[in-house]
Amino acid sequence: MAEDPRPAPPLAVDRVAVSLGGRAVLEDVSFEVAAGERLVVLGVNGCGKTTLLRLLDGLGFPDAGEVRYAGRRLAAAALDEPAFRRRFRGEVALLFQNVDAMLFNPTVGDELAFGPRQLGLPDVEARVARWAEAFDVAALLERAPFELSGGEKKRVALAALLAVEPRVLLLDEATAGLDPASVGLLVDVLANVPGLTVVASTHNLSMAEELGDRAVLLAPGRRGVLYDGPAHALLHDERLLAESGLAHRHAHRHEGHVHAHYHVHDGE
């Protein structure tokens, strides 16, 4: 049989299972992400979104199945290889849900410069200036990160990640804690980075189509994925949203008659 000449997708999740504390968090989860694709991972808290993103970033490994980056299985042995580790860490970036864990330099400017310097990338000052302006943190470059508001910290963390110009950006509840202007800024910036592959998790349905054209839906205690397809179609499937816990059927009485409709769990 002839080999497939097409390049391997940047990310592949193949029948992955993870248990934490004796509880199955992910079970038989499979999907691929194509180069330049914007994928949103939806689900209620506890469905395994953060665990999944950590696997994609090589911060943990599945109990069964495998995660691959550009065709290479992500495992401790692979990340112990200096050449692959440097490539992977330069090409894949994860925004933690708690960005305080990411900010440890004395100034915002140092935060933005840290990644490029660690990777030996050129034009560090130009990278800092570009991404500080893109995320509207140029006025904060001399400030200490711990002095900033939650939204400012998240914008600094995003600028720091994009300063290394990754191929893949993983976002764990990226819009949580951001005001509407900052959310709009994030969406606009991501839309204007050519070729960037994005996997973003959220439980905020109003943000789903802003973050991705395609959606993968997870639910606690469910095997595999409940849905994998266009985000727009999922958002109009009330039954499936209710099955996942992102909506519930609500009954109420009006003028002597009982009506039932679906109520969506939206917001941060």
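Residues numbered from 1 in each chain as written. Predicted model: local features only at pLDDT ≥ 70, side-chain atom pairs only at ≥ 80, totals over all residues. Heavy atoms only, no water.

Participant: Go over the side chain of His203 with me, naming the residues and quoting the values.
Facilitator: Along the chain, the position of His203 falls in the loop between β8 (197-202) and α8 (208-211). For His203, a relative accessible area of 17% translates into the label buried. Among the polar contacts listed, one links the side chain of His203 to the side chain of Glu173, at a separation of 3.0 Å. (Helix = DSSP H or I, 4+ residues; strand = E, 2+ residues; numbered from the N terminus. Buried < 20%, exposed > 50% of the residue type's maximum accessible area, 1.4 Å probe, protein only. Polar contact = N/O pair within 3.5 Å; in protein donor to acceptor, adjacent residues only side chain to side chain.)

Participant: Residue-level account of unusual backbone geometry, with values.
Facilitator: Positive phi, close to 50°, is recorded for Arg15, a residue that is not glycine. Looking at the secondary structure, you find Arg15 in strand β1 (residues 11-20). Judged by its relative accessible area of 54%, Arg15 falls in the exposed class. Phi angles above zero are rare outside glycine, and Glu165 is one such case at about 55°. Inspection of the secondary structure assignment puts Glu165 in the loop between α6 (150-162) and β7 (168-172).

Participant: Let's hear about the environment of Glu210: which residues, and what values?
Facilitator: Locating Glu210 in the fold gives a position in helix α8. Counting along the chain gives 170 residues from Glu210 to Val40, while the straight-line C-alpha distance between them is 9.1 Å.

Participant: How would you sum up the pattern of salt bridges? Please name residues and give values.
Facilitator: Per the counting criterion, the structure on display carries 20 salt bridges. Across the pair Glu147 and Arg143 runs a salt bridge, and its minimum N-O distance is 3.1 Å. Shared partners join several salt bridges into a network, and the residues in it are Asp14, Glu66, Arg68 and Arg73. (Salt bridge = Lys/Arg side-chain N within 4 Å of Asp/Glu carboxyl O.)

Participant: Can you lay out the sheet that holds β1 for me, pointing to particular residues and giving the numbers?
Facilitator: Ordered in space as β2-β1-β4-β5, the four strands form an open sheet in which the pairing is antiparallel. Edge positions in the sheet fall to β2 (23-33) and β5 (72-73), since each has one partner strand and no second. Bridge count for strand β4 (residues 64-69) against β5 is two bridges, and the pairing is antiparallel. By the bridge assignment for β5, Tyr69 is matched with Arg72. Packed on one face of the sheet, helix α1 (residues 49-56) meets β1, β2 and β4 and runs near 125° to β1. (Pairing = 2+ DSSP bridges. Contact = heavy atoms within 4.5 Å. Axes fitted to C-alpha atoms, helices over the stretch in contact; angles between N-to-C directions.)

Participant: Got a sec to walk through the sheet that holds strand β9 (residues 214-217)? Specific residues and values, please.
Facilitator: Judged by pairing direction, the sheet is mixed, and its six strands sit side by side in the order β6-β7-β8-β3-β9-β10 without closing on themselves. Pairing within the sheet leaves two strands with one partner each, and these edge strands are β6 (92-95) and β10 (227-230). Between one strand and the next, the sheet's axes are offset by a mean angle of 15°, whatever the strand orientation. Inspection of the sheet shows strand β3 (residues 38-42) paired to β8 by five bridges, in the parallel sense. Directly across from Leu39, in β8, lies its bridge partner Val199. The strands touched by helix α3 (residues 82-91) within the sheet are β6 and β7, with β6 carrying the most contacts at an inclination of about 50°.

Participant: Please provide a residue-by-residue account of the confidence of the model for the protein chain, values included.
Facilitator: Taken over all residues, the pLDDT of the protein chain has a mean of 90, while the share at 70 or more is 90%. Predicted confidence for residues 258-263 stays below pLDDT 50, and this span has 22 contacts to residues more than four positions away or in other chains. (pLDDT = per-residue confidence, 0-100.)

Participant: An account of the side chain of Ser244 is requested, with residue identities and associated values reported.
Facilitator: Of note, Ser244 is situated in helix α10 (residues 238-244). There is a polar contact of 3.3 Å between the side chain of Ser244 and the backbone nitrogen of Leu246.

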